[in-house]
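# Working through the structure, step by step
Next come the chains, spelled out residue by residue.
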There are 2 protein chains.
Amino acid sequence: MGIIDKLIDKITLLKNPSVVGLDPQLNFVPEHILEEMYDTYGHTPKAVSEAIFKFNTEIIDAVYDIVPAVKPQIAMYEMFGTEGIDAYIKTIKYAKSKNMFVIADAKRNDIASTGAAYAKAFLGKIKIGDVEEEAFGADLLTVSPYLGQDSLEPFIDECRLRDKGIFILVKTSNPGSGMLQDLLVDGKPIYEIVGTYIEEWGTELRGRYGFSPIGAVVGATHKEQAARLREIMPHTFMLVPGYGAQGGTAADLSVCFNSEGLGAIVNSSRGIIAAYKGKCAPQEHFMAAREAAIIMRDDIVKHI
Amino acid sequence: MGIIDKLIDKITLLKNPSVVGLDPQLNFVPEHILEEMYDTYGHTPKAVSEAIFKFNTEIIDAVYDIVPAVKPQIAMYEMFGTEGIDAYIKTIKYAKSKNMFVIADAKRNDIASTGAAYAKAFLGKIKIGDVEEEAFGADLLTVSPYLGQDSLEPFIDECRLRDKGIFILVKTSNPGSGMLQDLLVDGKPIYEIVGTYIEEWGTELRGRYGFSPIGAVVGATHKEQAARLREIMPHTFMLVPGYGAQGGTAADLSVCFNSEGLGAIVNSSRGIIAAYKGKCAPQEHFMAAREAAIIMRDDIVKHI
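This section reports on the structure supplied with the text. Because the structure is predicted, anything quoted here is derived from the model rather than measured.

Rules and cut-offs
- Residues numbered from 1 in each chain as written.
- Chains lettered and ligands numbered in written order.
- Predicted model: local features only at pLDDT ≥ 70, side-chain atom pairs only at ≥ 80, totals over all residues.
- Heavy atoms only, no water.
- Buried < 20%, exposed > 50% of the residue type's maximum accessible area, 1.4 Å probe, protein only.
- Helix = DSSP H or I, 4+ residues; strand = E, 2+ residues; numbered from the N terminus.
- Arc of directions from axis to C-beta.
- Contact = heavy atoms within 4.5 Å.
- Least-squares fit on C-alpha atoms with pLDDT ≥ 70 in both.
- Buried area = accessible area lost by both parts, 1.4 Å probe.
- Salt bridge = Lys/Arg side-chain N within 4 Å of Asp/Glu carboxyl O.
- Polar contact = N/O pair within 3.5 Å; in protein donor to acceptor, adjacent residues only side chain to side chain.
- Phe/Tyr/Trp six-rings, centres within 6.5 Å; stacked < 30°, edge-to-face > 60°.
- Lys NZ or Arg CZ within 6 Å of the ring centre and 35° of its normal.
- Pairing = 2+ DSSP bridges.
- Axes fitted to C-alpha atoms, helices over the stretch in contact; angles between N-to-C directions.

Those residues of helix α2 (residues 31-41) of chain B that sit buried are Ile33, Leu34, Met37 and Tyr38 of chain B. Looking straight down α2 of chain B, one finds its buried side chains confined to an arc of 130°; they lie on one side. Structural note: α2 of chain B exposes Asp39 and Thr40 of chain B on the side pointing more than 90 degrees away from its buried face. Looking at the packing, one finds that the buried side of α2 of chain B touches β4 (126-128) of chain A together with α3 (45-63) and α13 (285-303) of chain B.

Structure, rendered in structure tokens:
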């Protein structure tokens, strides 16, 4: 059974097609957690790493029984160097220990052996002498398409060989996404061209529900484009950012789901992890996160 | 004086517009270095990290007086997790201690606060409590344009505020680069459209030699496209991959330089760091690297 089948089963079981984005900007991390780690480790990357990891585990503990997946965005970790990457890898492991699916949001890509190194890092195994191990151990990874098909092949190989998945950037949720993505080539926007490729690349990998592990990132902030993409890529599973804080509504993003209510997973990051701000004591941040996750779930489910 | 002015001064001083790509695939690292570290640390990421770092320092020691810059490609490090990132950061520090310019080849990008986190990680400073420090401390960074102008702004800000530089992917050296990059929008290929934006974004940041720190990646493997790009982006400094192992020749890439012989820096990775293979004892790998760097320098200089 393929990764997207398993993800859809979990979504169906929990009746929740959403994912919590773990993008721990330091001003989202409750002050008491930061202070505890600053007291122990000083104002160091180690302190921040421990604070971010603790914050993440409290969020995960609060939502793992109602939310199928997390999406840690690596930039917020990478900025703290090796210690930050340590928190990132520990967060992935912790989420997996709670049976959550992990979407590594890294938007990686490069050519030839270098692209293959990213694919192996996030989705595959690395080999050191006679030892093979996972470096990051994510289930799915976001990937950028600008370099072309040959650059994406090592990622598609990991999907095929190791039952992993990718989400290729198609139409992103930011206001400036149109600069390249909306340009028209013979009357067809670039995002449709990329979408058409993705639909084709996934053909042989479709699972029980008709979706392939070669997915697409489609922003909730662009309703018409998302509807058109659902039409031209009926077998492509979508990761949908832009809900909530970025302005996308459940009504907007409902077009990403097919008539059976399948085909997408919707992300919210600060709307969940920073939900406590101005609402409850920072010590109870995870209760606000759980409540926000439930409200989001119900909002989305009502619209699909 | 801006970063590109300083880089051009160094290029002029050394009469060498080239950069050594530090992409240490494990099969490039000489066996005796790997074995030494395996003996000490076992078959672990720590062993690989130490081996890669030692290999890099020997390469840097062999070329720093004749080559102005290094370009460590992060995928080859990231695949070994925190230990790999440790080798990456140590390599940057070591190259800087030898007064080399460091181009972090990471092809990063994301939207809003996340893009800003990458920009701060590689080019800027991070703030932890009352401590400010550099996470990676690179001089220049490769960046992907698919997400649009707003996603690039945090990187451009670091260029402006901290005298750093970026190279935005325009026309990459891989065979499949045309999938998106060559598509025609009203008769104009995407790479020209991206190039035109870059030329414009750099307008106010041009330095003494007329080049801005908002640079472009233009592959040596596409001569006609490169010539056209030099024409439409006369003030844009180019990072030129694809020389040597990928098939680009000095005659091909000569079009990236202007009539004064300025405007580009050419990368070779395995052509330098793996030059020893089948040529000399692995213990003398750095001598082969130096020799290859000299041959590359002379080949390029002869053609511009």
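So, on to the relation of the copies chain A and chain B. Laying chain A over chain B is done by rotating through 180° and shifting 0.0 Å along the axis; what remains is an RMSD of 0.0 Å. Viewed as a symmetry operation, the transformation between the two copies matches a two-fold axis.

On to the interface of chain A and chain B. Between chain A and chain B, the residue contacts involve 71 residues of the former and 71 residues of the latter. Summed over both partners, the interface of chain A with chain B buries about 5,400 Å², with 67% contributed by carbon and sulfur atoms. Between chain A and chain B we count 4 salt bridges in total. Residue Asp110 of chain A pairs with Lys107 of chain B through a salt bridge whose shortest N-O separation is 2.8 Å. The interface formed by chain A and chain B contains 25 residue pairs in polar contact (both at pLDDT 80 or more).

For the rest of this paragraph, the subject is the pattern of salt bridges. Summed over all chains, the structure comprises 43 salt bridges over all chains. Across the pair Glu50 of chain A and Lys90 of chain A runs a salt bridge whose closest N-O atoms are separated by 3.4 Å. With Glu50 of chain A in helix α3 (residues 45-63) and Lys90 of chain A in helix α5 (residues 81-97), the pair connects residues that are 40 residues apart, well separated along the chain. For Lys90 of chain A, a relative accessible area of 25% gives the class partly exposed. Residues Glu50 of chain B and Lys46 of chain B are paired through a salt bridge, measuring 2.9 Å at the closest nitrogen-oxygen approach.

Tallied over the full model, the rule gives 14 aromatic pairs over all chains. Relative to Trp201 of chain B, the ring of Tyr197 of chain B lies with its centre 5.4 Å away and its plane at 25°, an arrangement referred to as stacked. In this pair, Tyr197 of chain B and Trp201 of chain B are both assigned in helix α9 (residues 190-201), 4 residues apart and thus about one turn of the helix distant. Assessed through its relative accessible area of 25%, Tyr197 of chain B is described here as partly exposed. Among the aromatic residues, those joined into a cluster by ring pairs are Tyr77, Tyr88, Phe122 and Phe136 of chain A. Sitting above the plane of the Tyr64 of chain A ring, Lys98 of chain A keeps its charged end 4.9 Å from the centroid.

All names here are of chain A. Taken together, 8 strands build a closed barrel; the order of strands is β1-β2-β3-β6-β7-β10-β11-β12 and the barrel is parallel. Taken over all neighbouring pairs, the strand axes of this sheet differ in orientation by 30° on average, direction set aside. Both strand β11 (residues 236-240) and strand β12 (residues 264-268) contribute to a ladder of 3 bridges, which runs parallel. Bridging from a neighbouring strand, Val240 pairs with Val266 of β12. On top of the sheet, helix α7 (residues 149-162) reaches β3 (101-108), β6 (140-143), β7 (165-171) and β10 (212-218); it is set at about 140° to β7, its chief contact.

All names here are of chain A. Summarising the element assignment, Ser269 is placed in the loop between β12 and α12 (270-273). Here Ser269 falls in the buried class, since its relative accessible area comes to 14%. Within the structure, the side chain of Ser269 is placed 3.1 Å from the side chain of Asn267, a separation counted as a polar contact. Those residues in contact with Ser269 that lie beyond four places of it in its chain are Gly21, Asp23 and Ala274.

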